Amino acid sequence: MGCIGGSGLEPEELRQAIRRIRSLTDKPFGVDLLIPSKMSATTGTREEIRKEIDRMYPEHRKLVDSLFDRYGVPRTKVEKEFTSLVDTVEAIKSQRGLVWLGLLEPDHETLDFLGRELGLSDLAVDDTRNQNQRAKFDHYDDTSLTVLKPGRYIADNEKDRANFGELHIYTGSHFVITCRWTDWPFLGELRDDLEARRPEILSFGSRGVLYAIIDFVVDAYPAILDGLQEKVEEVEAELFADPARRNSANLTRNIFVLLEDISEFQRTTRPLPHVISAITDDIRSHPELSSLLPRFADIKDHCERNAETAESQRQTLQSAFNVHSALLSTQQNIEVQRISAWGAIFFVPTIIGAIYGMNFSNMPETTWYWGYPLSLGLMLVICVFLYRSFKKRNWL
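Calculation criteria
- Residues numbered from 1 in each chain as written.
- Predicted model: local features only at pLDDT ≥ 70, side-chain atom pairs only at ≥ 80, totals over all residues.
- Heavy atoms only, no water.
- Buried < 20%, exposed > 50% of the residue type's maximum accessible area, 1.4 Å probe, protein only.
- Helix = DSSP H or I, 4+ residues; strand = E, 2+ residues; numbered from the N terminus.
- Pairing = 2+ DSSP bridges.
- Axes fitted to C-alpha atoms, helices over the stretch in contact; angles between N-to-C directions.
- Contact = heavy atoms within 4.5 Å.
- Salt bridge = Lys/Arg side-chain N within 4 Å of Asp/Glu carboxyl O.
- pLDDT = per-residue confidence, 0-100.
- Parallel < 35°, antiparallel > 145°, perpendicular 65-115°, else oblique.
- Left-handed = near helix turned anticlockwise from the far one by under 90°.
- Nonpolar A, V, L, I, M, F, W, Y, C, P; charged D, E, K, R; others polar.
- Phe/Tyr/Trp six-rings, centres within 6.5 Å; stacked < 30°, edge-to-face > 60°.
- Lys NZ or Arg CZ within 6 Å of the ring centre and 35° of its normal.
- Core = buried A, V, L, I, M, F, W, Y, C linked by side-chain atoms within 4.5 Å.

Considering the pairing of strand 8 (residues 167-171)
At step 1: Buried residues dominate strand 8, accounting for five of its five residues.
At step 2: Where burial is concerned, the two faces of strand 8 agree: the one with Leu 167, Ile 169 and Thr 171 and the one with His 168 and Tyr 170 are both buried.
At step 3: Relative to strand 8, strand 5 (residues 144-148) runs antiparallel, the two being bridged by five bridges. Residue pairing for strand 8: Thr 146 is matched across the bridge by Ile 169.
At step 4: Note: strand 8 against strand 9 (residues 175-180), five bridges, orientation antiparallel.

This is the structure we're talking about:
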């Protein structure tokens, strides 16, 4: 049995590690988080937290020390890898470099602690605490809050849908704090990419990281539109299929589900050009960041193209719904015509039979030798005449 050392991993990184191990083996394994979940990382400094762990879990500490000694693990390296929320805040306050803190579904206590220690606006913290915000950019004295709605298209044979989460980004002179309420995007990949291949973006500080995150989120939107476009094309194909094979109720439902997804995409992305404009207005007050302006302009152009594509899809679906409604109306008219025609045809023998079925005593036709054949012949002639007339008018 093995054990994952999860103390230095972010929640999403830990999830990825667990999933990878489960894909490689069906054997049991453990996850070592080092700090128990019931202990708050905001209750003291690193040394105070370590002393509390030693007091509460002496056997655990002895086991860790024995493993260090047995395998010759350098303790200084582990000391550097362990970082608490308090240490992170202290690093931000020291202003010795740019600190990027990623939080997944932070609780109110953590948000209040960060707001108090880093001087975040109470309004911004309150927005993050309550969530359900639209995309926006709010600038305060020394910090700013950017809200994005990252999304992806979940392909499921039973139910393909566009899915959106929420991402709050706090930026200051020496820090970036991301708070997300979604399993995607995994920003650890973006951070690794910036450090390995795009260090020039990091040279712009927190505004450079903000640009990279927005670009990362916006670049994922075309994949959503591609998924929606495939469903739109399926609707169009079904709309003009053989009426005998067309499921009208299912087609109507698919059209409305797609319209709902596209409307949600439009509500989510519509504010983005205004967000980009607000950020660029703020950047213009910092001449050293002017090189970021063309990059943000490129993002804005992508947002506008996405908006045009979504609107085109919405109009196509609206037209498809109108055509579908017209086809249903036409089909109903055809059915009513067919029923009316057969009703008129069968009305003739019914009325003749009803008349002679009244059995009045003075009905001379009933005593005629040819009365019965004449009645049947009259019924047949009139019915054939009506049938040919309705057939000529395409009612039958």
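This is not the end of the story, as more comes after the structure.
Focus: the sheet that holds strand 5
At step 1: In spatial order, the strands read 3-9-8-5-4; together these five strands make up an open sheet with mixed pairing. Looking at the sheet topology across the chains shown, the edges are occupied by strand 3 (99-104) and strand 4 (136-139). Each adjacent strand pair in this sheet contributes to an overall mean axis angle of 15 degrees, direction not counted.
At step 2: Across the sheet, helix 5 (residues 85-94) lies against strand 3 and strand 9, angled at about 145 degrees from strand 3, the strand it touches most.
At step 3: Sheet strands in contact with helix 10 (residues 206-218) are strand 3, strand 4, strand 5, strand 8 and strand 9, and its direction is about 165 degrees off that of strand 8.

Points about the pattern of salt bridges
At step 1: Per the stated rule, a full pass over the model turns up 16 salt bridges.
At step 2: Arg 161 is the salt-bridge partner of Glu 260, the closest N and O atoms lying 3.8 Å from each other. Here Arg 161 lies in strand 7 (residues 161-164) and Glu 260 lies in helix 12 (residues 248-269), a separation of 99 residues in the sequence.
At step 3: Between Asp 193 and Arg 198 there is a salt bridge; the shortest N-O distance is 3.1 Å.
At step 4: Given the relative accessible area of 22%, Arg 198 is considered partly exposed.
At step 5: Via salt bridges that share partners, Asp 112, Asp 126 and Arg 129 belong to a single interconnected network.

Here's the deal with the pairing of strand 4
The side chains of a regular strand alternate, first on one face of the sheet and then on the other.
At step 1: As defined by bridge partners, strand 4 adjoins strand 5 across four bridges and the pair is classed as antiparallel. Pairing of Lys 136 across the sheet is with Val 147, part of strand 5.

Digging into the confidence of the model for the protein chain
At step 1: Residue-level pLDDT values for the protein chain average 83, and 87% of them are 70 or greater.
At step 2: A low-confidence stretch, residues 76-82 (pLDDT under 50), is modelled with eight contacts involving residues beyond four sequence positions or located in other chains.

Describing the packing of helix 12 against helix 14 (residues 292-356)
At step 1: Where helix 12 contacts helix 14, the axes come no closer than 10 Å and their chain directions differ by 160 degrees. Relative to helix 14, the element helix 12 is oriented roughly antiparallel. Here helix 12 and helix 14 pass one another in a crossing that is left-handed. Here Ser 248, Leu 251, Thr 252, Ile 255, Phe 256, Leu 258, Leu 259, Ile 262, Phe 265 and Gln 266 of helix 12 come into contact with helix 14, specifically with Asn 306, Ala 310, Glu 311, Gln 313, Arg 314, Leu 317, Gln 318, Ala 320, Phe 321, His 324 and Leu 328.
At step 2: For the contact of helix 12 with helix 14, the per-class residue count stands at 12 nonpolar, seven polar and two charged.

Looking at the packing of aromatic side chains
At step 1: Counted by the stated rule, this structure contains seven aromatic pairs.
At step 2: Geometrically, the ring pair formed by Tyr 221 and Phe 265 is edge-to-face, given 5.5 Å between the ring centres and 80 degrees between the ring planes. Placement of Tyr 221 in helix 11 (residues 221-239) and of Phe 265 in helix 12 is noted, with a sequence separation of 44 residues between them.
At step 3: Ring centres 5.1 Å apart and planes at 70 degrees place the aromatic pair Phe 256 and Phe 321 in the edge-to-face group. Here Phe 256 is found in helix 12, whereas its partner Phe 321 is found in helix 14, with 65 residues between them in sequence.
At step 4: Through pairs of rings, three or more aromatic residues link up here, namely Phe 164, Tyr 221 and Phe 265.
At step 5: The side chain of Arg 191 reaches across the aromatic face of Trp 100, ending 5.8 Å from its centre.

Brief notes about the packing of helix 11 against helix 14
At step 1: Taken N-terminus to C-terminus, the directions of helix 11 and helix 14 make an angle of 15 degrees; their axes are 11 Å apart at the nearest point. By the angle between their directions, the pair helix 11 and helix 14 is classed as roughly parallel. Relative to helix 14, the crossing made by helix 11 is left-handed. In contact with Tyr 221, Pro 222, Leu 225, Leu 228, Gln 229, Val 232, Val 235, Glu 236 and Leu 239 of helix 11, helix 14 contributes Asn 306, Thr 309, Ala 310, Gln 313, Thr 316, Leu 317, Ala 320, Val 323, His 324 and Leu 327.
At step 2: Each residue belonging to the contact of helix 11 with helix 14 can be placed in one class, and the counts come to 12 nonpolar, six polar and one charged.

Remarks on unusual backbone geometry
At step 1: We note that Glu 105 has phi near 50 degrees; this positive angle belongs to a residue other than glycine.
At step 2: Non-glycine residue Gln 131 carries a positive phi angle of around 60 degrees.
At step 3: Along the chain, the position of Gln 131 falls in the loop between helix 7 (122-130) and strand 4.

Considering the nonpolar core
At step 1: One finds Ile 213, Ile 214 and Phe 296 to be the most contacted residues of the largest nonpolar core, which totals 49 residues.
At step 2: Every element with two or more residues in this core is listed here: strand 7, strand 8, helix 8 (187-197), helix 10, helix 11, helix 12, helix 13 (272-283) and helix 14.
At step 3: Examining the composition of this core, we find that eight residues originate from one element, helix 10, more than from any other.
At step 4: What Phe 296 contacts, discounting residues up to four positions off in sequence, is Arg 207, Tyr 211, Ile 214, Ile 276, Ile 279, Thr 280 and Ile 283.
At step 5: Counting 22 residues, the second largest nonpolar core, distinct from the first, contains Leu 111, Leu 145, Phe 175 and Cys 179.

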